[in-house]
Amino acid sequence: MSSTQTVSYDYDLQDASGATCTAHAWAKVPAPLAADEKTRVKDRIKALLKARNAVLVAHYYVDGDLQDLAMETGGCVSDSLEMARFGRDHSAQTLIVAGVKFMGESAKILSPEKRVLMPDLDATCSLDLGCPADDFIQFCDAHPDRKVVVYANTSAAVKARADWMVTSSCALSIVNHLKAQGEKILWAPDRHLGRYIQRETGADMLMWNGACIVHDEFKGLELDLLKKDHPKALVLVHPESPESVVAQADVVGSTSQLLKAVVESDAPEFIVATDNGILHRMRQMAPNKVLIEAPTAGNSATCKSCAHCPWMAMNGLQGVLDCLEQGVGEITVDEATRVKAHGCIDRMLNFVAQNPAAITKPAQGFVPNIGAA
């Protein structure tokens, strides 16, 4: 009989001075550059990428200037796993990773021989922060009968304790595979994604109580009201969102799958429930589509739709230039941890390679309710 349990773990969002880590992140967001200065910095970065045998990889959620620069210089703009795989397979010996720290660690895990630099090492993730390795390891040790499955948004040390790592694009297939083998699962860290997977698979899952501070803020009631104003819009939802939001989705999927839906669907409008950084790439790839941000607050709020990660916003052009000029922001992962973490990532990559349908969709394109698989 399937069951779901959630284990609470409260982590402190305040430091000793009473300041919140998110406030600190927003305080470190780089000031916009003037047009002439932006051109100068971008030209300097382009020259140094060539001179240093380096490549820039950027996540969909970082500033549009960084996304554009990555594409202009032969890098990539993608989700966290594809960023790491791209860096692994690229001939460059230095990877500049514009994203958050677990993404830099993933790149280093897959490319130990390469130098991995990030614009700001303080750029982290609430899912990573909310799953401290020592506490998580103790939790796993208390439940030795369960397979440990962790989401990509975790530290290298947490991955090192896991049996499997998954992304939102293959989590359903892997959990279904484990369920078919009679396995019980210990899941971390995102409770919304975990509950979505449990509901879809019926697997027995013991869940860590983590959440993404961006997706957790989407509001089901406000989304319902917005849909009434846009009856022709398809609703695209990342599965890190609350159940009341996921329940209203036409498409539930990873960042790449939501982008695919916008490009391939004939719908004229889309309500998008994920970090608004992805809208930049969506507008480039589907310029004739109308994109509407899903609501994170009610009518009385100052910001009705303000879904943007403060740590992603810490990435800027000057930070990339500092990496190349000064070699700052280097990611290191001790070898014992790296080897163990590589094992759980490899297990996922091998599964996907042997089961391409786990993430591959029909060639004709858009599929409603494709899910996080």
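Each chain carries its own residue numbering, running from 1 in the written order of its sequence. Confidence filtering applies because this is a predicted model: local features only for residues at pLDDT of at least 70, side-chain atom pairs given and counted only at 80 or more, and all residues used for totals across whole chains, interfaces and linings. For the side-chain quantities, the full set of heavy atoms in the structure was used; hydrogens and water were omitted.

A. Looking closely at empty space enclosed by the protein. Grid points spaced at 1 Å and placed over the protein atoms alone form the basis of the search, with a cavity being a set where a 1.4 Å probe fits but cannot get out and a pocket an open set showing protein on both sides within 12 Å along at least five of seven lines. Lining residues have an atom within 4 Å of a point. Grid points are joined across faces, edges and corners, and a volume is the space filled by probe spheres set on the points. If you walk through the whole model with that rule in mind, you get two cavities of 30 Å³ or more. The space that makes up the largest cavity amounts to roughly 60 Å³. Forming the boundary of the largest cavity are S80, L81, A84, F102, S106, L110, A152, M165, T167 and I345. Numbering of helices and strands runs from the N terminus, with a helix taken as a DSSP run of H or I at least four residues long and a strand as a DSSP run of E at least two residues long. Among the secondary structure elements, those contributing two or more residues to the lining of the largest cavity are α4 (80–89) and α5 (101–110). Lining of the second largest cavity is provided by F218, V272, T274, N276, L279, E293, A294 and A307.

B. Quick peek at the nonpolar core. Take the buried residues of types Ala, Val, Leu, Ile, Met, Phe, Trp, Tyr and Cys, join any two whose side-chain atoms come within 4.5 Å, and each joined set is a nonpolar core. For every residue, the accessible area (1.4 Å probe, protein chains only) is compared with the maximum for its type, and the residue is labelled buried under 20%, exposed over 50%, or partly exposed between those bounds. Of all hydrophobic cores here, the largest spans 124 residues; its most connected members are I45, V97, F136, W187, I197, L236 and M282. Ranked by the residues each element gives to this core, the list is headed by helix α16 (residues 335–354), at seven residues. We call two residues in contact whenever any of their non-hydrogen atoms come within 4.5 Å of each other. Not counting the four nearest positions on each side in its chain, I45 is found in contact with L69, L317, V320, L321 and L324.

C. Representation of the sheet that holds strand β5 (residues 115–117). The strand order across the open sheet built from four strands is β3-β2-β4-β5, with neighbouring strands paired in parallel fashion. Because the sheet does not close on itself, it has two edges, and the strands there are β3 (76–78) and β5. Each neighbouring strand pair of the sheet contributes to a mean axis angle of 25 degrees, computed without reference to strand direction. One bridge is not enough; two strands pair if DSSP finds at least two bridges between them. As defined by bridge partners, strand β2 (residues 54–59) adjoins β3 across three bridges and the pair is classed as parallel. A fitted line through C-alpha atoms serves as each axis, taken over the contacting stretch for helices, and the angle formed by two N-to-C directions is quoted from 0 to 180°.

D. Focus on the pattern of salt bridges. Note on definitions: salt bridges are taken to be side-chain nitrogens of Lys or Arg within 4 Å of carboxyl oxygens of Asp or Glu. Applying the stated criterion across every chain yields a total of 19 salt bridges. E325 is the salt-bridge partner of R44, the closest N and O atoms lying 3.1 Å from each other. Residue R44 is found in helix α2 (residues 35–51), and its partner E325 is found in helix α15 (residues 317–326); the two are separated by 281 residues along the sequence. Of the charged contacts in the structure, one is a salt bridge between R88 and D89, with a shortest N-O distance of 2.9 Å. On the basis of relative accessibility, which here comes to 57%, the residue D89 falls in the exposed class.

E. Representation of the side chain of K42 within the structure. Of note, K42 is situated in helix α2. As used throughout, the charge tally considers Lys and Arg to be positive and Asp and Glu to be negative, leaving His and the chain termini uncounted. Of the buried charged residues, K42 lacks a salt bridge, with E72 as the closest side chain of opposite charge at 4.0 Å.

F. Geometry of the environment of H90. Within the fold, H90 resides in the loop between α4 and β4 (94–98). Once the C-alpha coordinates of H90 and A54 are considered, the two residues, 36 residues apart in sequence, prove to be 9.5 Å apart. With residues up to four places along the chain from it excluded, the contact list for H90 reads V55, G74 and K114.

G. The arrangement of the layout of surface pockets in detail. Within this model, the largest pocket holds a volume of roughly 590 Å³. Residue lining of the largest pocket: 42 residues in total, with D79, S80, S168, S254 and T255 positioned closest to the centre. Listed by contribution, the elements that provide at least two residues to the lining of the largest pocket are α4, α5, α6 (126–129), α13 (255–264) and α16. Polarity classes work like this: nonpolar for Ala, Val, Leu, Ile, Met, Phe, Trp, Tyr, Cys and Pro, charged for Asp, Glu, Lys and Arg, and polar for all others, with Gly in that last group. Of the residues belonging to the lining of the largest pocket, the class tally is 20 nonpolar, 15 polar and seven charged. Contributing to the lining of the second largest pocket are 18 residues, with P30, A31, P32, D63 and N315 lying nearest its centre. Put simply, the parts of the chain that give the lining of the second largest pocket at least two residues each are α3 (64–72) and α15. Each residue belonging to the lining of the second largest pocket can be placed in one class, and the counts come to eleven nonpolar, four polar and three charged.

H. Structural view of α15. Considered for burial, the residues of α15 that qualify are L317, G319, V320, L321, C323 and L324. Check the buried side of α15 and you find it contacts α2, β2, α3, β4 and β5. Two residues or fewer past α15, G327 is found with a positive phi of approximately 70 degrees.

I. Broad picture of the packing of α3 against helix α14 (residues 278–285). Here α3 crosses α14 at 55 degrees, and the two axes come no closer than 9 Å. Of the possible angle classes, the one that applies to α3 and α14 is oblique. The interaxial crossing formed by α3 with α14 has right-handed handedness. Contacts between α3 and α14 involve G64, Q67, D68 and M71 from the former and H280, R281 and Q284 from the latter. Orientation labels follow simple angle bins: below 35 degrees gives roughly parallel, above 145 gives roughly antiparallel, 65 to 115 gives roughly perpendicular, and whatever is left gives oblique. Two helices that cross are described as forming a left-handed crossing if the nearer one is turned anticlockwise from the farther one by less than a right angle, and a right-handed crossing if clockwise.

J. Focus on the confidence of the model for the protein chain. Of all residues in the protein chain, 91% attain a pLDDT of 70 or more, and the chain-wide mean is 91. The quantity called pLDDT is the predictor's confidence in a given residue, expressed from 0 to 100. Segment residues 360–373: pLDDT under 50, and 43 contacts once partners within four positions in sequence are set aside and those in other chains are kept.

K. Quick peek at the packing of helix α9 (residues 171–180) against helix α10 (residues 191–201). In contact at an axis separation of 10 Å, α9 and α10 are set at 55 degrees when each is read in the N-to-C sense. With respect to α10, the element α9 is oriented oblique. The element α9 and its partner α10 pack so that their crossing is right-handed. In this structure, α9 uses A171, L172, V175, N176 and K179 to contact α10, whose residues at the interface are Y196, I197, E200 and T201. Of the residues in the contact of α9 with α10, the class split is five nonpolar, two polar and two charged.

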